[in-house]
Amino acid sequence: MRPIMLIARRELAAYLRTMTGWVIIALVLAVDGLLFNAFAIGSGEKRSSEVLTQFFYFASGTTMISSVFISMRLLAEEQQTGTIQLLYSSPIKDHEIVLGKFLSALGFLAILTLATVYMPMLIFVNGKISFGHMAAGYLGLMLLGSAALAVGTFGSTLARSQVLAAILSGVLVVSLVIAWLLGRITERPLSEVFASLALWQHFMGFQSGIVHLKDVVYYTAVTYVALFASIRVLEARRWR
């Protein structure tokens, strides 16, 4: 456990030391702020719960996009600079490398997500919202982000450059997001399979303040499978 935490701490510090990390935070906050003011609050009268639901709707998109860019450097940077050989020659195990880097990205995403709290809090100026609704929404954002980060970690493990990692991870995440479209054009039981695989569909309950166990299990399963695949790819490259 100690090597995992050391790697996570070092990588998280790297995010906060570089300009890339702060640019990601600034862009996400700017986009979320614009969408919140233009569409969530918008014009006309809306119930406070509707404004909060729309905030989480837009925040889910920026969370998935930012997760791709956060995770692109995790292992692709090591391969791009050649420092991956140092990791291979160290006594650190493959699962410790993957988990340490993933936890650093998840920690950075948590900081980024926490920075958006002021937006739903603005609703209290003229309205009233449920803290349970907020908690469910932010839980959903972290679960969605965790799954997207794990998929991005897998893409970063496969790629040899950060740009290629971002492209590959983006394709994988988008494929999971639009899986529900395949569910519409296929027959049962395939339609149900594709619908259940859709990454964003499982977030709909969270944005409305409802937590379903099946959605929590789904995001946890996607995270586990993607990280397991990342570890296997790293093991295969170590012994190749």
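Residues numbered from 1 in each chain as written. Predicted model: local features only at pLDDT ≥ 70, side-chain atom pairs only at ≥ 80, totals over all residues. Heavy atoms only, no water.

1. Digging into the overall build of the protein
Helix and strand counts for the protein come out as 13 helices and 0 strands. When the elements of the protein are put in sequence order from the N terminus, they spell out α-α-α-α-α-α-α-α-α-α-α-α-α. A compact globule built from 240 residues would reach a C-alpha radius of gyration of about 18 Å, and the protein, at 19 Å, matches this within 12%. For the protein, the spread of C-alpha atoms along the three principal axes comes to 60 × 50 × 30 Å. Out of the 240 residues in the protein, the part that is buried amounts to 46%. Restricting to contacts in the protein with at least 6 residues of sequence separation, those with at least 24 account for 75%. Accessible surface, the protein: about 12300 Å² in total, of which carbon and sulfur atoms supply 70%. Taken together, the 18 basic and 12 acidic charged side chains of the protein have centroids lying 6 Å from each other. (Helix = DSSP H or I, 4+ residues; strand = E, 2+ residues; numbered from the N terminus. Rg over C-alpha atoms; globule rule 2.2 N^0.38 Å. Buried < 20%, exposed > 50% of the residue type's maximum accessible area, 1.4 Å probe, protein only. Contact = heavy atoms within 4.5 Å. Areas by Shrake-Rupley, 256 points an atom, 1.4 Å probe, with all protein chains shown as cover. Lys, Arg positive; Asp, Glu negative; His and termini not counted. Charge placed at Lys NZ, Arg CZ, Asp CG, Glu CD.)

2. Description of helix 8 (residues 131-158)
Working note: α-helix, 3.6 residues per turn, so residues spaced by three or four point in the same direction. Here helix 8 spans 40 Å end to end across 28 residues, near enough to the 40 Å set by a 1.5 Å rise per residue. Where helix 8 begins, the side chain of Ser130 points an oxygen toward the backbone nitrogen of Gly132, at a separation of 3.1 Å. (Expected span 1.5 Å × (residues − 1). Polar contact = N/O pair within 3.5 Å; in protein donor to acceptor, adjacent residues only side chain to side chain.)

3. Considering the pattern of salt bridges
For the structure on display, the rule yields 9 salt bridges. Between Lys101 and Glu11 there is a salt bridge, and its shortest N-O distance comes to 3.0 Å. One end of the pair, Lys101, is in helix 6 (residues 94-114); the other, Glu11, is in helix 1 (residues 2-17), with 90 residues separating them in the sequence. Here Lys101 and Glu11 have matching classes, each one buried. Linked through salt bridges whose partners overlap, the residues forming this network are Arg10, Glu11, Arg73, Glu77, Glu78 and Lys101. (Salt bridge = Lys/Arg side-chain N within 4 Å of Asp/Glu carboxyl O.)

4. Quick word on the environment of Ser49
With respect to the helices and strands, Ser49 occurs in helix 3 (residues 48-71). Placed 79 residues apart in sequence, Ser49 and Lys128 show a C-alpha to C-alpha distance of 8.1 Å.

5. Quick look at the layout of surface pockets
Here the largest pocket is characterised by a volume of approximately 240 Å³. Only helix 2 (19-41) and helix 3 provide two or more residues apiece to the lining of the largest pocket. Looking at the lining of the largest pocket residue by residue, the classes come out as 6 nonpolar, 4 polar and 1 charged. Around the second largest pocket, the lining residues are Thr20, Val23, Ile24, Leu27, Val28, Val31, Thr62, Ile65, Ser66, Phe69 and Met72. For the lining of the second largest pocket, the secondary-structure elements that each account for two or more residues are helix 2 and helix 3. With 6 residues, helix 2 is the single largest residue contributor to the lining of the second largest pocket. (1 Å grid on protein atoms, 1.4 Å probe; cavity = no way out; pocket = protein on both sides within 12 Å on 5 of 7 lines; lining within 4 Å. Points joined across faces, edges and corners; volume = space filled by probe spheres on them. Nonpolar A, V, L, I, M, F, W, Y, C, P; charged D, E, K, R; others polar.)

6. Some thoughts on the side chain of His202
Inspection of the secondary structure puts His202 in the loop between helix 11 (190-197) and helix 12 (204-207). Polar contacts involving the side chain of His202 include one to the main-chain carbonyl oxygen of Ser196, which spans 2.6 Å.

7. Considering the confidence of the model for the protein
It should be kept in mind that the predicted coordinates are not to be read in detail where pLDDT is low. Mean pLDDT over the protein works out to 90, with 99% of the residues at or above the 70 mark. No element of the protein has a lower mean pLDDT than helix 10 (residues 179-185), which averages 75, and none a higher one than helix 8, which averages 96. (pLDDT = per-residue confidence, 0-100.)

8. Remarks on empty space enclosed by the protein
What the rule picks out here adds up to 2 cavities of 30 Å³ or more. Its boundaries defined by the atoms lining it, the largest cavity holds a volume of some 70 Å³. Looking at the largest cavity, the residues that line it are Val28, Asp32, Ala59, Thr62, Thr63, Ser66, Leu109, Leu112, Thr113, Thr116 and Leu141. Mapped by element, the contributors of at least two residues to the lining of the largest cavity are helix 2, helix 3 and helix 6. Among the elements that line the lining of the largest cavity, the one with the most residues is helix 3, at 4 residues. Partitioning the lining of the largest cavity into residue classes produces 5 nonpolar, 5 polar and 1 charged. Counted as a void, the second largest cavity has a volume near 30 Å³. As for the second largest cavity, its lining consists of Tyr15, Thr18, Thr20, Gly21, Ile24, Phe69 and Arg73. No other element matches the 3 residues that helix 2 contributes to the lining of the second largest cavity.

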